[in-house]
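Next come the chains, spelled out residue by residue.
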Amino acid sequence: MSGRKIGRLGFMLRLPLLAGLLSANLLSVGLLSGCASDGAAGLFQSNAARADAAAASANPPLARTRFAARSFDLVGYYRQAAPNDPRLAVFIEGDGIAYITSGQRSIDPTPDKPVALDLAARHTAANVLYLARPCQFTGGQRARNCDSAYWTTHRFAPEAVAAINEALDQYVRQFGPRRITFYGYSGGALMALLLAGQRQDVDGVVTISGLLDHQAWTQHFGDTPLYGSRNSLEVIDRLRRLPQRHFVGMRDDMVPPALATAFMRRLDLAPERFITALPNADHTCCWASLWPQLSQMPPVTP
């Protein structure tokens, strides 16, 4: 969101949830003015507990871990059930909660609904790694180097991309997977494209309700550009050769499907080959319930 707002994908707290918290006095005037409160800390601890529960519901369960990158500490969940299988499915979370109100930045981007984690928990591959974005599940502005710019204007900053890449490198060194397929939800899709464009061990990218080109996205809505962020067009030549599939919801008003079509044309790839449109899906519904079926559709080779 911009001029008016900066970047819509960093969700505001869902309105019914926000109203309930206000009525319970969990959000104080201090929080709305940018100061932390005990209520806010409780909210994000509860989001972390929900994430732990989602990971535990996987079969086999996903274990929680933490990565110390140069700029940030990152939270992950993983399952390495087949040590001799060289393949790894890597899920990257969306932008989380960027705003408390339309003009007030959140103090913590931890998502109240971690869609990418729900997808990872339902993924049938033996080896799965979920990576949260910088400052999610680690305390928001209380965490190392975390400023609200990293979930607004700088959400795809070079150091944010580097931190996720470093976490993945640490995982690869420990467990030894050699071939990676990225799965990126919402803003995590652009992060996946940037990583795929610089790594040499990537078999493909799958995006779900994905932000693929943030410049086109902010222009579409007339919002302030994400001026501190890298963009996928930096690695466009590599992406033209990369197997990929993009799931879009025809009811998605956060990332309209037309933007995925425009992105594929920018790559000189036929949209109808690489985009799978779901007529009843929006930005969050109902990807997790559909994932056991959708996950059987592999990336398409250009």
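Summary of the structure given here.

1. Focus: helix H7 (residues 214-221)
Moving on, step 1. Within H7, the full set of buried residues consists of His 214, Trp 217, Thr 218 and Phe 221. The arc that holds every buried residue of H7, seen down its axis, measures 90°, which confines them to one face.
Moving on, step 2. Where the residues of H7 are buried, they touch helix H6 (187-196) and helix H9 (257-266).
Moving on, step 3. The N-cap of H7, judged by a side-chain oxygen 3.1 Å from the amide nitrogen of Gln 215 a few residues on, is Asp 213.
Moving on, step 4. Count one or two residues on from H7 and you reach Gly 222, which has phi positive near 70°.

2. Description of the sheet that holds strand E7 (residues 127-131)
Moving on, step 1. Read across the sheet, eight strands follow the order E2-E3-E7-E4-E8-E9-E10-E11 without closing on themselves; strand pairing throughout is mixed. The strands lining the two open edges of the sheet, one partner per strand, are strand E2 (63-68) and strand E11 (275-278). Averaged over all pairs of adjacent strands, the angle between their axes in this sheet comes to 20°, without regard to strand direction.
Moving on, step 2. With six bridges connecting them, strand E8 (residues 179-185) and strand E9 (residues 202-208) associate as parallel partners. Looking at the pairing, Gly 184 lines up with Thr 207 of E9.
Moving on, step 3. The strands touched by helix H5 (residues 158-175) are E2, strand E3 (73-80), strand E4 (87-92), E7 and E8; relative to E3, the strand with the most contacts, the crossing angle is about 35°.

3. Let's talk about the environment of Asp 201
Moving on, step 1. Examined against the element boundaries, Asp 201 turns out to sit in the loop between H6 and E9.
Moving on, step 2. Along the chain, Asp 201 and Ile 180 lie 21 residues apart, while their C-alpha atoms are 6.0 Å from each other.
Moving on, step 3. Polar side-chain contacts of Asp 201 include one of 2.8 Å to the side chain of Arg 199.

Cut-offs and rules
Residues numbered from 1 in each chain as written. Predicted model: local features only at pLDDT ≥ 70, side-chain atom pairs only at ≥ 80, totals over all residues. Heavy atoms only, no water. Buried < 20%, exposed > 50% of the residue type's maximum accessible area, 1.4 Å probe, protein only. Helix = DSSP H or I, 4+ residues; strand = E, 2+ residues; numbered from the N terminus. Arc of directions from axis to C-beta. Contact = heavy atoms within 4.5 Å. Polar contact = N/O pair within 3.5 Å; in protein donor to acceptor, adjacent residues only side chain to side chain. Pairing = 2+ DSSP bridges. Axes fitted to C-alpha atoms, helices over the stretch in contact; angles between N-to-C directions.

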